[in-house]
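Residues per chain are reported as follows:
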Amino acid sequence: MNLDAIDDWTRTHYSSRITPELDGLDVTLFGWVQEIRDLGGIRFIILQDREGTVQITIPKKRVGADVLSRSECLQKRFSIALKGTVRKTTMTPRGIEVIPKEIKILGTASCQLPLDVTGKTPANIETRLDARALDLTLERNIAVFKIQHTALEAIREFLFERGFLEVHTPRIIASATEGGAALFAVDYFGEKAYLAQSPQLYKEQLTMSLEKVFEVGPFFRAEESHTRRHLSEFVSVDIEQAFANAKDVMTLLEQCIQHVCTIVKEKCKEELSILKHKLTVPEVPFKRLTYDEVVNELEKQGVAIPWGEDIPTEAFRVLGKLHPEFYFIVDWPTRSKVFYIKARDDKPELCEGFDLMWRWIELVSGGTRIAEKESLAKRLQEQGLNPDAFKHHLQNFDYGMPPHAGWAIGLERLTMMLTGKKNIREVTLYPRDRVRLTP
RNA sequence: GCCCAGGUAGUAUAGUUCGGUCUAGUAUAUGCGGCUGUCGCCCGCAGGACCCGGGUCCGAAUCCCGGCCUGGGCGCCA
């Protein structure tokens, strides 16, 4: 098929901007054919773009020969441009339609698509991810990522206003930053290197200079996780603040979460309604449960956890039923948290780390960090890590490391909360997990 | 890594219990034809599938074994 050139055409309106008030106006639209309904003498084409759809109506006897012949060639997912006149009508749900004067065919598509692009015949997640670029054209999927975008915009706005600087730390690193999670190895000019699992040590170092920093970026965990809430590559929203402790950053966090919910609820009404998701703006402060309280609550529910142990998923699910919204878990046993979390001065067996839970899912984790070199080296050893591997990090503690604290939000998990999606891969454009490396 | 469940047209499913009218049904998608107000349009026609390999049996989509793939759960974690 011969394709048309765009020439000097430019879009005048997105589909969603066509309103009855524009009756009689000539517009130029760009987009894709989503659906064709041909009734014989009249043909309806649903034109889709990023913002929605609009009906193009072709009364066959009343349009030019060129419009007629081009419209006959159209198939689903063809990308097209058209110039036409807006017409107010009572015969479409939105009260408008566009009568084309000129159509350009800019791109074609195969006739048998791997997914139903109108979204009426739903496909399995596996089929959808295999054809993810096409899957993402569905209105309900676009809605997810518009919400994610809006959430991120709200977070940035919130942090900028409070004087945080956005930074970028290395993704390629020489050794483990946290010890625990497994790393992906990469070849770095013949040397062994790793993909970063977290910006933790770098953002801590930056509190010495930039004081308040945040970073949004992908991190990598080579865990063999096989769940609806884990990815091998995920996006973390990390902050770190000098001259602050856990209490300070917890207040910051709950305000940030509240702000995000407020903004998303306000700006994404349409998207939330497409997803049929009710978002409630949480009240602050969030509940603060201590580890001991949690263990006691769970015991009453018949779930026993030996003191000092981490809380297993099954127990979190029970906990999520008891606390169906946001809640912090604080005063964790020191030995259950990563090495850089500061122990309490009064009770060293407890630490100043916290988790922000949403129902049963860990959404954020953070805490006051150890700012003193000897304590940090000691904790490294206690956790079975080699302080020598961290000497580049440790030496910075000789140069004026301020007391500091911070947290990290799992962006995809936050998006799950905001959209009501139950599988993290739904809220990831191109998810990477134990078994998926493509597309 | 461990434990469950499952693989049927492009997509989503019925059928598998208890092997035989299954020549594998349905919806949607696709192709062709018809239709001037559809909006999950409608009507007619057509083509399109039992994951792979082995076994049991007169006979396997169905039972058995092995493999591959997928989904979910656990552990780990955000």
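Residues numbered from 1 in each chain as written. Chains lettered and ligands numbered in written order. Predicted model: local features only at pLDDT ≥ 70, side-chain atom pairs only at ≥ 80, totals over all residues. Heavy atoms only, no water.

## Some details on helix α10 (residues 373–382)
Think of an α-helix as turning once every 3.6 residues; residues three or four places apart then point the same way. Here is the rule: To sort residues, take the accessible area from a 1.4 Å probe on protein chains only and compare it with the maximum for the residue type: under 20% means buried, over 50% means exposed, and anything in between is partly exposed. Only DSSP runs of H or I with at least four residues qualify as helices, and only runs of E with at least two residues qualify as strands; both kinds are numbered from the N terminus onward. Throughout, the arc means the angular range of directions from the helix axis out to the C-beta atoms. By the criterion applied in these results, polar contacts are pairs of N or O atoms within 3.5 Å in which, for protein atoms, one can donate a hydrogen and the other can accept it, and in which residues neighboring in sequence qualify only through two side-chain atoms.
Buried residues of α10: Leu376, Ala377, Arg379 and Leu380, and no others. The buried residues of α10 all sit within an arc of 160° when viewed along its axis, so they share a single face. α10 presents Glu374, Lys378 and Gln381 as exposed residues on the side facing more than 90 degrees away from its buried surface. Capping of α10 at its N-terminal end is provided by Glu372; its side-chain oxygen lies 3.3 Å from the backbone amide nitrogen of Glu374. At the exit of α10 stands Gly384, carrying a positive phi of roughly 75°.

## Concerning the protein's contact with RNA strand B
Note the cut-off: Any residue with at least one heavy atom within 4 Å of a molecule or strand is counted as near it. Polarity classes work like this: nonpolar for Ala, Val, Leu, Ile, Met, Phe, Trp, Tyr, Cys and Pro, charged for Asp, Glu, Lys and Arg, and polar for all others, with Gly in that last group.
Close to RNA strand B lie 51 residues, the nearest being Met91, Arg228, Thr313, Arg413 and Arg425. Protein-proximal atoms of RNA strand B, defined as those within 4 Å of the protein, fall in sugar or phosphate at a share of 56%. A distance of 2.4 Å separates a base oxygen of RNA strand B from a polar atom in the side chain of His230. Within the side chain of Asp310, one N or O atom sits 3.4 Å away from a phosphate oxygen of RNA strand B. For the surface near RNA strand B, the secondary structure elements donating two or more residues are β1 (26–38), β2 (42–49), α2 (125–130), α9 (313–322) and β15 (361–368). Considering each element in turn, the surface near RNA strand B owes the most residues, 4 residues, to β15. Taken together, the residues of the surface near RNA strand B break down into 17 nonpolar, 15 polar and 19 charged.

## Overview of the domain arrangement of chain A
Note the threshold: Segmentation of the chain into domains, including their bounds, is taken from an automatic or database domain assignment. Working rule for contacts: check all heavy atoms of both residues, and any pair within 4.5 Å makes them a contact. Buried area is a sum: the accessible area each of two parts loses on coming together, probed at 1.4 Å, counted once for each and added. In what follows, salt bridge is the name for a side-chain nitrogen of Lys or Arg lying within 4 Å of a carboxyl oxygen of Asp or Glu.
Partitioning chain A into structural domains gives domain 1 (15–107) and domain 2 (135–427). Computed over C-alpha atoms, the centres of domain 1 and domain 2 are 47 Å apart. Domain 1 puts 4 residues into the contact, and the matching count from domain 2 is 4 residues. Buried area between domain 1 and domain 2, summed over both chains or domains, comes out near 340 Å², and the portion from carbon and sulfur atoms is 40%. Summed over the three residues of domain 1 that lose the most area to domain 2, namely Gln48, Arg50 and Arg77, the buried surface amounts to 77% of that side. With a shortest N-O distance of 3.3 Å, Lys146 and Glu51 are connected by a salt bridge. Where domain 1 touches domain 2, the interface holds 3 residue pairs in polar contact (both at pLDDT 80 or more). Grouping the amino acids of the side of domain 1 that touches domain 2 by side-chain chemistry returns no nonpolar, 1 polar and 3 charged.

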